[in-house]
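If you want the building blocks of each chain, they are given just below.
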Amino acid sequence: MKKLKQHKDEPRWLAPALWVAAFSLPFIFTLLILGLGHPLFLRKVEEMQIFFPTTDYFNECMLMPGGLLEWASTYLTQFFYQPWLGALIFALVLAAMQALIVKACIVPARWATATGIANAMLTLAPLTLGYVVYTLKSPGLFFTAPLGIASAAALLWACRCANPAWLKIAIAAATALTYPLLGFYAILASGLIAINTLASRQWITAAVAAASGAGVPWVWLYFTDTIVMREHIYTSMLPRFLEGEGSLMTPYIVAFAVVAVLSLMAGHYKENPKRPLFSVVLSLALMLAAYGTVPVCKYKDPNFEFTLRLDRALQDQQWSDAVEAAEEFDGAPTRLNVLLTDIALLRAGQASDRMFAFPISDTPYSTTSAREATAMRDAGARLLYYHFGRVNDAYRWCMESKVEFGQKVEYLKYMAKIALLNGESALAKKYLKALAQTRNYKDWAQRYMAIADDPALLQSDPELAAIAPLMSFGDHLGGDGGNMEAYLLQATNALRGGPPQLVELSIMSGLIQKDLDEIWPKIVLYSNTHDRLPRHMQEAAIMYSVLKGSDAFRQLKIDPQTEQEFSQFIEMVQANQSLPDARKAELFRPRYGHTYWYYYFFINNLKTT
Amino acid sequence: MRFLSYILAAALVVLASCGVTPPADAVDSAEPIEIYPDYAGVTVPRNIAPLNFEITAEAEESMAAFHIGGHEEYCAAGPVVQISEKKWHKMLEQAAGGKIEVVCYTKTDGHWLRHPAFDIYVSDSEIDPYVAYRLIEPSYISFEKVWIKQRCLENFDESDIYNSFNLSCEKEGQCVNCHSFQDYNRSGNMQMHLRVGKGGTLVVKDGEARKVNLKTPSTISAGVYPSWHPTLPLIAYSVNETSQNFHSTHTNKVEVQDAKSDLVLYDVDANTISYIAADSAELETFPSWSPDGKWLYYVSATVPQLSDEEMARYQSFNYKDFKYNIFRRSFDPATRQFGPTDTVFMASEIGKSATHPRVSPDGRFLMFTLGEYGTFHIWHKDADLYVLDLASGDVRPMDELNSPDVESYHSFASGGQWVVFSSRRDDGSYTRLYITHFDENGVATKPFLLPQKDPRSNERLFRSYNVPEFMAEPVDVSKSDIIGAIDNEPAQATFK
């Protein structure tokens with residue numbers, strides 16, 4: 001390998017310092033950005049994929065060109081379960097990739113820091129996903145590109161170092177044969193070899209690399225049982241995004257372009273440039289600017305962050321954490337976040353007192369139009385249905401999502417719990433055995449396996465024991481028809497009775513639906529079977545009675561102060577009758593924004609899916 | 001790469017098997033050995049792939065020894081007992097008409113135990129060497145990767161006939177289903193449906209693949225459930241208006257229902273469709289030719305005449321009232337004319353619903369699936385296999401095959417002595433294939449799970465095996481021919 005000599009004007013310490021900076025800065029930046037800034041996101045990434053240490057899983061991966069990358073990437077993604085550890089491994093993989101690029105492309109010290117641009121882009125790329133993380137069809141996304149680029153660089157390095165010429169040509173031809181292992185990255189390697197050899201006027205090697213890179217995927221498609229899509233044969237192992245999400249590919253394209261430029265330049269740097277420091281400064285500035293784009297260009301949406309917090313807290317049964325997250329959120333929530341907050345309040349025993357005290361809105365999901373209609377379902381169907389006791393619907397959406405988006409830890413966990421709740425022990429064991437093979441969920445699976453072996457233990461599990469009473473309703477045929485919230489609330493509101501927990505959930509649903517006729521008898525039932533009637537039920541009961549022209553609410557456990565507040569509310573309504581609705585809502589919010597009355601009268605036309 | 005992993009696995013098996021000898025100091029145990037799959041006492045064809053199994057009993061070490069006529073032939077280390085294919089087939093040849101005795105050993109606390117032996121009975125008869133099936137997750141409306149596969153039953157070779165993912169996904173995602181072969185694929189003629197993306201029906205005849213559109217203005221849908229005539233270029237189809245509804249609590253989880261359904265006959269050469277049965281008060285479906293091609297069996301349920309909206313409501317609230325009975329119509333291959341309807345079995349009279357009628361190759365027995373109601377028994381846990389003696393009219397549940405969970409699709413091997421059927425007995429959700437010996441009196445033996453190279457694959461696989469069909473010959477149409485045909489616009493069938 002040809003090494004560039006030190007420039008006569010350069011201080012002796014500069015080159016080593018540049019190498020240290022080139023590797024340490026990206027490493028530190030990546031580690032801090034991920035470990036400090038996105039622990040919940042990393043956990044979600046880990047949950048939305050799975051790795052099994054079995055031959056079957058390896059074979060399954062290998063059905064797709066690039067399967068070896070997918071296999072290795074999903075293995076490494078498991079470490080995001082401990083976000084700092086995952087971030088550390090990711091930063092190390094990026095550093096290894098960078099080292100291979102430096103070797104393959106003979107990058108001189110003065111341009112060393114520029115290689116960090118690729119690191120920055122590959123750190124940024126997953127952070128642009130947002131809600132896409134729930135539906136991503138590219139398992140191991142974080143690691144696929146770094147490992148793929150590293151492999152491509154290694155192949156370029158091998159080809160470049162090969163001597164004599166026939167060996168170089170042979171490696172150029174053989175590079176594309178790594179397509180079954182590396183997918184797109186084998187083609188990238190062929191491309192890099194073609195670029196590199198073209199720049200060195202090695203026409204035959206370049207032509208062989210280009211031709212084999214173009215041809216091998218077709219041979220693989222037609223003569224093997226590969227499952228790659230024909231239109232994706234050149235892009236297998238690149239992330240699969242939907243139409244309209246092309247911008248999510250930008251960081252990858254920049255990273256590939258950087259590597260391509262470096263391969264073009266390999267062996268063509270001037271030994272004694274006129275302005276060496278200019279290269280040093282420009283290189284460093286480019287790398288810093290690339291890292292600067294991460295906070296600017298990453299996906300930023302408070303509702304998404306809120307969803308991640310609620311989701312995590314609910315999965316960990318940390319109800320108070322979920323309520324705390326809701327208290328801290330000061331924006332206008334999406335419908336999913338409103339309902340998840342209600343669930344958290346219900347589990348914390350506060351729903352019927354506080355659920356209308358939190359912001360209620362229908363803020364659209366900050367995602368592409370292609371995903372907006374299904375964002376609530378993709379992110380929340382299993383959570384919502386499960387916590388409402390509609391476990392068949394939760395199971396259904398786990399299954400539908402598993403089919404469409406691939407196998408993921410989160411789906412299997414819900415499916416196992418639901419099978420236990422449904423009394424399907426054999427089915428639960430199937431899911432639990434699978435989870436028991438994973439790095440992070442062995443203990444979890446063993447805990448639930450005990451229930452599968454002895455269903456009587458179900459009541460000893462606080463989570464399952466809380467869901468079981470919510471399943472006390474009769475069987476009927478139906479389906480959400482794509483309108484999840486309305487179906488969920490209507491079905492729950494329509495229930496006539498059941499265990500106390502289910503009655504409260506049914507009343508909650510009726511309150512949200514403003515269906516006072518339906519919930520009145522259930523409020524009476526609740527009042528007769530509990531020592532105290534929660535605040536929102538009192539508010540609804542008083543309002544219902546007054547609207548009906550009766551004083552039936554007096555048979556219930558109504559706080560005189562609530563009754564008095566309602567009288568004042570009515571007086572205020574009468575005093576401001578002439579105001580437009582929007583103005584009235586503004587006027588009433590400070591005093592009554594936390595009441596059911598405010599929700600009933602002033603929060604209307606919420607859009608949901 | 002897959003090939004490499006097989007070589008590696010095979011090497012490991014060989015290494016693991018070398019030098020394995022049963023412990024001389026083993027003590028007899030009365031505890032029967034627990035293995036998965038349960039192959040104890042099953043009857044297998046003389047050309048079946050090795051019945052690899054896992055010794056599930058907890059032990060420090062385990063092994064299995066195979067004896068024929070009291071002589072030990074082979075010994076393999078456990079807990080995953082993977083038998084050399086060569087050795088296995090040699091043992092089958094030796095034991096044909098007799099049995100292989102399997103003795104399992106487990107080591108606990110440093111002491112070896114010898115468990116009571118179990119037998120594997122080896123039939124003199126062979127099974128058709130291939131079976132085709134669809135691999136799909138047991139989902140409801142979603143599909144992404146769906147395969148029609150063929151598996152050699154003599155070994156573990158499995159290959160794609162077609163996988164839907166090569167040509168489409170996302171909004172244009174393709175579902176592939178209902179493969180059917182003429183005369184156990186001896187003619188090489190087959191068909192399968194493609195739904196949504198690049199939709200149509202792929203028909204392979206005389207080695208040529210083409211795609212046709214079987215939906216005509218006169219019929220309610222494209223062809224659905226198929227049955228190739230055993231000798232003529234004719235396929236009987238049901239045409240169905242199908243919908244799905246979901247159970248809110250029942251573990252059956254989903255109801256797949258027909259609001260309308262008729263039977264049609266497709267002439268492959270002429271590309272024409274004509275009605276076989278189209279009574280609006282009847283839901284005729286699941287056509288199935290008798291092996292001699294002179295009868296067409298099918299099932300049908302009587303339904304009230306309702307508007308579309310009323311029918312949707314009726315389906316939701318009265319779904320248990322859909323009871324299918326078995327009928328047949330004679331068919332004259334010379335004139336291609338059907339005779340009048342002949343009642344075969346009135347399941348509704350005993351409050352049940354029958355589907356999937358299949359006649360044994362000797363024409364004597366009719367096997368079918370019986371459940372409490374409805375047409376889509378793969379989702380009905382009460383669904384069981386029944387057999388009707390066409391000579392005597394006797395009907396009986398096949399208790400020797402049935403389980404507390406679903407038994408549904410089934411097909412006879414060409415020789416009539418083997419039956420493959422789908423069952424959800426393993427876990428209640430993921431359909432697996434079981435094979436049984438079926439004798440001349442219509443009695444079956446304890447069924448055995450389709451053998452796999454690694455027996456744990458059955459538990460690890462999150463896909464169902466659907467619609468098992470035996471084949472005497474494998475499908476040998478090239479992938480490029482199939483993809484080429486599917487890529488083309490379909491030839492429109494005409495209604496005659």
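These numbers were taken from a predicted model, which means no experiment stands behind them.

1. As for the overall build of chain B
Consideration 1: Helix and strand counts for chain B stand at five helices and 36 strands.
Consideration 2: Radius of gyration (C-alpha) of chain B: 24 Å, near the 23 Å computed for a compact globule of 496 residues.
Consideration 3: Summarising its shape, the C-alpha atoms of chain B cover approximately 75 × 50 × 45 Å along the three principal directions.
Consideration 4: Counting across all 496 residues of chain B, residues that qualify as buried make up 60%.

2. Re empty space enclosed by the protein
All names here are of chain A.
Consideration 1: The tally for this structure, following the rule as stated, stands at 13 cavities of 30 Å³ or more.
Consideration 2: Of the volumes computed, that of the largest cavity is approximately 100 Å³.
Consideration 3: Looking at the lining of the largest cavity residue by residue, the classes come out as eight nonpolar, four polar and one charged.
Consideration 4: If you go around the second largest cavity, the residues you meet are Phe306, Ala326, Phe329, Pro333, Asn337, Val338, Thr341, Asp342, Met355, Phe358, Pro359 and Ile360.
Consideration 5: Looking at the lining of the second largest cavity residue by residue, the classes come out as nine nonpolar, two polar and one charged.

3. Quick word on the pattern of salt bridges
Consideration 1: This structure, assessed with the given rule, holds 58 salt bridges over all chains.
Consideration 2: Between Asp38 of chain B and Lys446 of chain B there is a salt bridge whose closest N-O contact spans 2.9 Å. Of this pair, Asp38 of chain B sits in the loop between β2 (35-36) and β3 (43-44) while Lys446 of chain B sits in the loop between β32 (432-437) and β33 (448-449), and the two are 408 residues apart along the sequence.
Consideration 3: Residues Lys381 of chain B and Asp405 of chain B are paired through a salt bridge, measuring 3.4 Å at the closest nitrogen-oxygen approach. One end of the pair, Lys381 of chain B, is in the loop between β27 (365-371) and β28 (384-389); the other, Asp405 of chain B, is in the loop between β29 (395-397) and β30 (407-412), with 24 residues separating them in the sequence. In terms of burial, Lys381 of chain B and Asp405 of chain B fall into one category: buried.
Consideration 4: Ionic contacts of the salt-bridge type, sharing partners, join the residues Lys44, Glu47, Asp311, Arg312, Asp316, Arg382 and Glu410 of chain A into one network.

4. Section: the confidence of the model for chain B
Consideration 1: Considering every residue of chain B, the mean pLDDT works out to 93; 96% of them sit at 70 or more.
Consideration 2: Below pLDDT 50 for its whole length, residues 12-18 of chain B participates in five contacts with residues either more than four positions away or in separate chains.

5. Some thoughts on the packing of aromatic side chains
Consideration 1: By the definition in use, this model includes 66 aromatic pairs over all chains.
Consideration 2: On the numbers, 6.4 Å between centres and 80° between planes, the contact of Trp218 of chain A with Tyr234 of chain A is edge-to-face. Taken as a pair, Trp218 of chain A in helix α11 (residues 203-223) and Tyr234 of chain A in the loop between α11 and α12 (250-265) lie far apart in primary sequence, 16 residues in all.
Consideration 3: In this structure an aromatic cluster arises from ring pairing among Phe356, Phe566, Phe569, Phe588, Tyr592, Tyr596, Trp597, Tyr598, Tyr599, Tyr600, Phe601 and Phe602 of chain A.
Consideration 4: We note Arg425 of chain B situated over the ring of Tyr434 of chain B; from NZ or CZ to the ring centre the distance is 4.6 Å.

6. What about the environment of Val131 of chain B?
Residues and elements named next belong to chain B.
Consideration 1: Summarising the element assignment, Val131 is placed in strand β11 (residues 130-136).
Consideration 2: Along the primary structure Val131 and Leu263 are separated by 132 residues, whereas in three dimensions their C-alpha atoms are 26 Å apart.
Consideration 3: Setting aside anything within four residues of it in sequence, one finds Val131 in contact with Lys149, Gln150, Arg151, Leu153, Pro468, Glu469, Phe470 and Met471.

7. Focus on the sheet that holds β11 of chain B
Residue and element names in this part refer to chain B.
Consideration 1: Strand order in the open sheet formed by four strands is β13-β12-β11-β34, and the pairing between neighbours is antiparallel. Whereas interior strands pair on both sides, the edge strands pair on one side only; in this sheet they are β13 (158-163) and β34 (464-471). Pairwise comparison of adjacent strand axes, ignoring direction, gives a mean angle of 25° for this sheet.
Consideration 2: As defined by bridge partners, strand β12 (residues 147-152) adjoins β13 across five bridges and the pair is classed as antiparallel. The residue bridging Lys149 from the neighbouring strand is Asp160, located in β13.

8. A closer look at helix α5 (residues 479-487) of chain B
Along an α-helix, residues three or four positions apart point the same way, because every turn accommodates 3.6 residues.
Consideration 1: Among the residues of α5 of chain B, Lys479, Ile482, Ile483, Ala485 and Ile486 of chain B are the ones counted as buried. Buried positions in α5 of chain B, seen along its axis, are confined to an arc of 160° and lie on one side of it.
Consideration 2: Contact partners of the buried residues in α5 of chain B: α11 of chain A together with β13, β14 (174-181), β15 (190-196), β16 (200-205) and β17 (208-213) of chain B.

9. Side note on the sheet that holds strand β7 (residues 80-81) of chain B
Residues and elements named next belong to chain B.
Consideration 1: Ordered by their spatial adjacency, three strands build an open sheet running β2-β4-β7, and the pairing between neighbours is antiparallel. Of all the strands in the sheet, just β2 and β7 have a single pairing partner and so form its edges.
Consideration 2: By the bridge criterion, two bridges tie strand β4 (residues 53-55) to β7 in an arrangement that is antiparallel. Its bridge partner being in β7, Glu54 is matched across the sheet by Val80.

10. Description of the interface of chain A and chain B
Consideration 1: Taken together, the 51 residues of chain A in the interface contact 55 residues of chain B.
Consideration 2: Together chain A and chain B conceal approximately 4700 Å² of surface at their shared face, both sides included; 53% is due to carbon and sulfur atoms.
Consideration 3: The shortest N-O distance in the salt bridge between Lys402 of chain A and Glu137 of chain B comes to 2.6 Å.
Consideration 4: Taken together, chain A and chain B are joined by 31 residue pairs in polar contact (both at pLDDT 80 or more).
Consideration 5: Looking at the side of chain A that touches chain B, the elements that each hand over two or more residues are α3 (55-62), α11, α19 (391-405), α20 (409-421), α21 (425-436) and β1 (477-478) of chain A.
Consideration 6: For the side of chain A that touches chain B, the element with the most residues is α19 of chain A, which contributes nine residues.
Consideration 7: The residue inventory of the side of chain A that touches chain B, partitioned by class, reads 24 nonpolar, twelve polar and 15 charged.

11. Overview of the side chain of Glu255 of chain B
Consideration 1: With respect to the element layout, Glu255 of chain B can be found in strand β20 (residues 254-267).
Consideration 2: Within the buried set, Glu255 of chain B has no salt-bridge partner at all; the shortest N-O distance to an opposite charge, 8.1 Å, is to Lys320 of chain B.
Consideration 3: Looking at Glu255 of chain B, its side chain comes within polar contact range of the side chain of Tyr373 of chain B, at 2.7 Å.
Consideration 4: Beyond its immediate sequence surroundings of up to four residues, Glu255 of chain B is in contact with Leu477 of chain A together with Ser243, Gln244, Asn245, His247, Tyr319, Tyr373 and His380 of chain B.

12. Some remarks on unusual backbone geometry
Consideration 1: With an omega dihedral of 10°, the bond running from Asn163 of chain A to Pro164 of chain A counts as a cis peptide bond.
Consideration 2: Omega for the peptide link from Gly78 of chain B to Pro79 of chain B comes to 5°, which places this bond in the cis form.
Consideration 3: With respect to the element layout, Pro79 of chain B can be found in the loop between β6 (71-77) and β7.
Consideration 4: The residue Lys514 of chain A is not glycine, and still its phi comes out positive at about 60°.

13. Quick notes on a nonpolar patch on the surface
Consideration 1: Taken together, Ile28, Leu32, Leu36 and Trp84 of chain A make up a surface patch of nonpolar side chains, about 410 Å² in accessible area.
Consideration 2: If one sorts the elements of the nonpolar patch by residue count, helix α1 (residues 14-37) of chain A sits on top with three residues.

14. Some words on the pairing of strand β24 (residues 324-332) of chain B
Residue and element names in this part refer to chain B.
Consideration 1: For β24, a buried count of seven out of nine residues is recorded, marking the element as mostly surrounded by other parts of the structure.
Consideration 2: Two elements, strand β23 (residues 295-302) and β24, share seven bridges in a ladder whose sense is antiparallel. If you follow Val299 over to β24, its bridge partner there is Ile326.

15. Things to note about the domain arrangement of chain A
All names here are of chain A.
Consideration 1: Domain boundaries in chain A define domain 1 (14-297), domain 2 (302-471) and domain 3 (500-602).
Consideration 2: A C-alpha centroid distance of 35 Å is found between domain 1 and domain 2.
Consideration 3: Listed as interface residues are 31 residues of domain 1 and, on the opposing side, 34 residues of domain 2.
Consideration 4: Carbon and sulfur atoms supply 58% of the area that domain 1 and domain 2 bury against each other, a total of about 2900 Å² over both sides.
Consideration 5: Considering only the side of domain 1, the residues that lose the most area to domain 2 are Glu47, Tyr131 and Tyr134, jointly responsible for 27% of the buried surface there.
Consideration 6: The interface formed by domain 1 and domain 2 contains four salt bridges.
Consideration 7: Here Asp311 and Lys44 are joined by a salt bridge, their closest N and O atoms 2.7 Å apart.

16. A closer look at the nonpolar core
Consideration 1: Core analysis: the largest hydrophobic core is formed by 272 residues, its most contacted members being Phe41, Ile149, Tyr185 and Tyr431 of chain A together with Phe53, Phe66 and Ile100 of chain B.
Consideration 2: With twelve residues, helix α7 (residues 141-161) of chain A is the largest single contributor of residues to this core.
Consideration 3: Beyond its immediate sequence surroundings of up to four residues, Tyr185 of chain A is in contact with Leu69, Thr144, Ala145, Gly148, Ile149, Ala152, Met237, Leu238 and Phe256 of chain A.
Consideration 4: Val224, Phe286, Tyr314 and Leu366 of chain B belong to the second-largest nonpolar core, a separate cluster that totals 25 residues.

Conventions we followed
- Residues numbered from 1 in each chain as written.
- Chains lettered and ligands numbered in written order.
- Predicted model: local features only at pLDDT ≥ 70, side-chain atom pairs only at ≥ 80, totals over all residues.
- Heavy atoms only, no water.
- Helix = DSSP H or I, 4+ residues; strand = E, 2+ residues; numbered from the N terminus.
- Rg over C-alpha atoms; globule rule 2.2 N^0.38 Å.
- Buried < 20%, exposed > 50% of the residue type's maximum accessible area, 1.4 Å probe, protein only.
- 1 Å grid on protein atoms, 1.4 Å probe; cavity = no way out; pocket = protein on both sides within 12 Å on 5 of 7 lines; lining within 4 Å.
- Points joined across faces, edges and corners; volume = space filled by probe spheres on them.
- Nonpolar A, V, L, I, M, F, W, Y, C, P; charged D, E, K, R; others polar.
- Salt bridge = Lys/Arg side-chain N within 4 Å of Asp/Glu carboxyl O.
- pLDDT = per-residue confidence, 0-100.
- Contact = heavy atoms within 4.5 Å.
- Phe/Tyr/Trp six-rings, centres within 6.5 Å; stacked < 30°, edge-to-face > 60°.
- Lys NZ or Arg CZ within 6 Å of the ring centre and 35° of its normal.
- Pairing = 2+ DSSP bridges.
- Axes fitted to C-alpha atoms, helices over the stretch in contact; angles between N-to-C directions.
- Arc of directions from axis to C-beta.
- Buried area = accessible area lost by both parts, 1.4 Å probe.
- Polar contact = N/O pair within 3.5 Å; in protein donor to acceptor, adjacent residues only side chain to side chain.
- Lys, Arg positive; Asp, Glu negative; His and termini not counted.
- Patch = residues over 30% accessible without salt bridge, like charges linked within 9 Å, V, L, I, M, F, W, Y side chains within 5 Å.
- Areas by Shrake-Rupley, 256 points an atom, 1.4 Å probe, with all protein chains shown as cover.
- Domains from an automatic or database assignment.
- Core = buried A, V, L, I, M, F, W, Y, C linked by side-chain atoms within 4.5 Å.

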